[in-house]
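# Coordinate inspection notes
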Amino acid sequence: MNRVRIKDKTFEVSAPEAEIKQRVKELASQLSHDLQGKKPLFLAVLNGSFIFAADLMREMTIPCEISFVKLASYQGTTSTGKIHEVIGINEDLTGRTVVIVEDIVESGLTMQRMIETLGTRNPESVRICTLFFKPSKLKADITLDYVAFRIPDDFIVGYGLDYDGLGRELKDVYTLVPPINNKMKNIVIFGAPGSGKGTQSDKLIEKYGLNHISTGDVLRAEIKKGSELGKTAQQFIDNGQLIPDDLMVSILASVYDSFGREHQGVIFDGFPRTIPQAEALKQMLSERGDQVAAMIELDVPEDELMKRLLLRGQLSGRADDNEETIKKRLVVYHSQTQPLIEWYSQEGLHHHIDGLGELDRIFDDICQVVDAL
Ligand code: AP5
Ligand code: MG
């Protein structure tokens with residue numbers, strides 16, 4: 001079960017049960033080693049830490065005790081706003097080694113408050129052990145002695161942590177999936193060299209006001225500028241080969257982000273060209289709450305592709321529009337790019353268009369797909 005739905009939100013597994021178990025075991029072994037002979041008292045902060053505390057305790061290899069505390073919050077009169085009061089400490093803490101067990105530390109203000117409160121009861125030492133820690137949110141000046149996972153500032157649920165009281169029973173930990181932006185029409189326009197991707201993209205931009213990323217154009221612009229990227233790209237393009245995936249993916253994300261968040265959608269022309277690129281595109285978009293709405297394949301027979309590109313070569317000045325390089329580009333297309341048709345079919349996004357014939361008829365067929373999105 002990779003995804004769960006709780007109330008109105010969707011969550012995706014981010015820390016699987018086995019990984020959590022492993023980290024809890026490692027923390028317990030470190031604690032058992034560090035606190036040998038101390039008979040530590042664990043103070044688990046309810047509710048979120050109850051599962052973590054139970055598992056941690058069972059992995060300890062030295063004698064230890066556990067007690068549960070709660071934080072009651074009330075509106076303070078000072079500028080600090082909400083004040084947290086620790087309730088439920090019934091033990092005598094004098095001379096004890098105390099380990100606060102927390103499920104998640106964000107600003108750290110609660111932990112700071114706990115340390116202050118516990119400090120008045122003369123323990124020998126107070127340490128903090130937390131399952132999750134969001135370093136980017138930390139405000140308090142505290143030391144976290146034991147941390148199982150450092151995580152980004154995402155909302156998480158499961159293994160004791162809840163969303164509106166629900167989800168604590170989940171064995172894995174899940175991260176909130178940002179809602180999909182349905183207004184955005186991100187379209188992959190796909191096809192062999194010369195199939196008409198660029199030509200049809202121009203018409204789509206005009207009709208639908210979409211943004212356009214042509215990775216081929218981006219690379220040619222870099223070559224013209226004489227940039228480092230351009231120099232690398234040139235060798236590959238001249239040989240009819242693809243630029244390495246990692247390089248392409250990093251370029252793509254920065255161009256996509258340059259459109260801001262309010263755009264109508266983007267036409268991806270010439271990207272993706274390999275399965276790793278398609279996976280990276282999916283990941284990049286999903287991290288932003290976006291998705292590909294359709295992959296439109298322009299299907300054109302090979303003899304026609306060759307004819308078109310040789311004709312364009314007479315005018316375009318494109319270094320790769322010569323017979324020898326076109327042949328190589330077509331081989332690369334068949335071996336590395338064509339498998340994406342099956343990949344996008346599996347995703348339920350593939351649309352086949354007959355790319356041979358009148359420009360306007362082809363465009364009408366594409367518009368039918370886009371209008372239905
Ligand atoms: P890129 O620039 O994307 O080239 P390509 O995929 O080979 O495709 P083209 O731009 O040549 O053709 P097109 O489908 O856009 O067709 P067009 O509309 O121009 O990539 C170039 C290189 O960059 C790659 O080889 C690779 O090295 C590198 N690269 C790019 N992206 C990459 C990535 N993601 N990863 C790794 N490397 C990457 O039409 C062609 C001609 O036909 C035109 O003259 C047009 O007027 C004509 N035409 C169009 N439609 C019709 C029609 N219906 N009837 C008659 N003529 C037509
Ligand atoms: Mg093109």
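Attention here is on the structure that accompanies the text. (Residues numbered from 1 in each chain as written. Chains lettered and ligands numbered in written order. Predicted model: local features only at pLDDT ≥ 70, side-chain atom pairs only at ≥ 80, totals over all residues.)

Let us now look at the overall build of the protein. A tally of helices and strands in the protein yields 12 helices and 15 strands. Here the protein has a C-alpha radius of gyration of 29 Å; the compact-globule value for 373 residues is 21 Å, and the former is much larger. The principal-axis extent of the C-alpha atoms belonging to the protein is close to 90 × 40 × 40 Å. For the protein, with 373 residues in total, the buried portion stands at 32%. Within the protein, residue pairs in contact and separated by at least 24 positions form 71% of the contacts whose partners lie at least 6 positions apart. (Helix = DSSP H or I, 4+ residues; strand = E, 2+ residues; numbered from the N terminus. Rg over C-alpha atoms; globule rule 2.2 N^0.38 Å. Buried ≥ 20, exposed ≤ 12 C-beta atoms within 10 Å, placed from the backbone. Contact = placed C-beta atoms within 7 Å.)

Reading across from one edge, S1-S2-S10-S9 is the order of the 4 strands in this open sheet, with antiparallel pairing throughout. The open sheet is flanked by strand S1 (3-6) and strand S9 (156-157), the only strands paired with a single partner. Two elements, S1 and strand S2 (residues 9-15), share 4 bridges in a ladder whose sense is antiparallel. Note on S2: the bridge partner recorded for Val 4 is Phe 11. (Pairing = 2+ DSSP bridges.)

Turning next to the site of ligand 1. In the vicinity of ligand 1, 28 residues are found, and the nearest of them are Pro 193, Gly 198, Thr 199, Gly 216 and Gly 270. Secondary structure elements with two or more residues in the shell around ligand 1: helix H4 (197-208), helix H5 (215-225), helix H6 (228-238), helix H9 (302-316) and helix H12 (359-371). (Near = placed C-beta within 6 Å.)

In contact at an axis separation of 10 Å, H9 and helix H10 (residues 323-337) are set at 140° when each is read in the N-to-C sense. Taken together, the axes of H9 and H10 are oblique relative to one another. For the pair H9 and H10, the crossing hand works out as right-handed. Along its contact with H9, which presents Glu 302, Leu 305, Met 306, Leu 309 and Leu 310, the element H10 presents Glu 323, Ile 326 and Leu 330. For the contact of H9 with H10, a count of residues per class yields 6 nonpolar, no polar and 2 charged. (Axes fitted to C-alpha atoms, helices over the stretch in contact; angles between N-to-C directions. Parallel < 35°, antiparallel > 145°, perpendicular 65-115°, else oblique. Left-handed = near helix turned anticlockwise from the far one by under 90°. Nonpolar A, V, L, I, M, F, W, Y, C, P; charged D, E, K, R; others polar.)

Take helix H3 (residues 109-119) next. For H3, every residue scored as buried is listed here: Thr 110, Met 111, Met 114 and Leu 118. Along the axis of H3, the buried positions cluster into a sector of 95°, meaning they face one direction only. Seen from the buried face of H3, the exposed residues on the opposite side, beyond 90 degrees, are Glu 116 and Gly 119. (Arc of directions from axis to C-beta.)

Time to look at the sheet that holds strand S14 (residues 294-299). The sheet built from 5 strands is open, its strands ordered S12-S13-S11-S14-S15 with parallel pairing. The open sheet has two edge strands, strand S12 (211-214) and strand S15 (350-354), and neither has a second partner. When strand polarity is set aside, the average angle formed by the axes of neighbouring strands in this sheet is 20°. In the sheet, strand S11 (residues 187-191) pairs with strand S13 (residues 266-269) via 3 bridges, with the strands oriented parallel. The residue of S13 that forms the bridge with Ile 189 is Asp 269. Taken strand by strand, H12 contacts S11, S14 and S15, and its axis lies near 160° from that of S15.

With that settled, consider unusual backbone geometry. Here Leu 46 and Asn 47 are connected by a cis peptide whose omega angle stands at -5°. Mapping Asn 47 onto the fold places it in the loop between strand S3 (41-45) and helix H2 (50-59). Phi angles above zero are rare outside glycine, and Asn 122 is one such case at about 55°. Along the chain, the position of Asn 122 falls in the loop between H3 and strand S7 (125-133). Here Asn 122 falls in the exposed class, since 11 other C-beta atoms lie within 10 Å of it.

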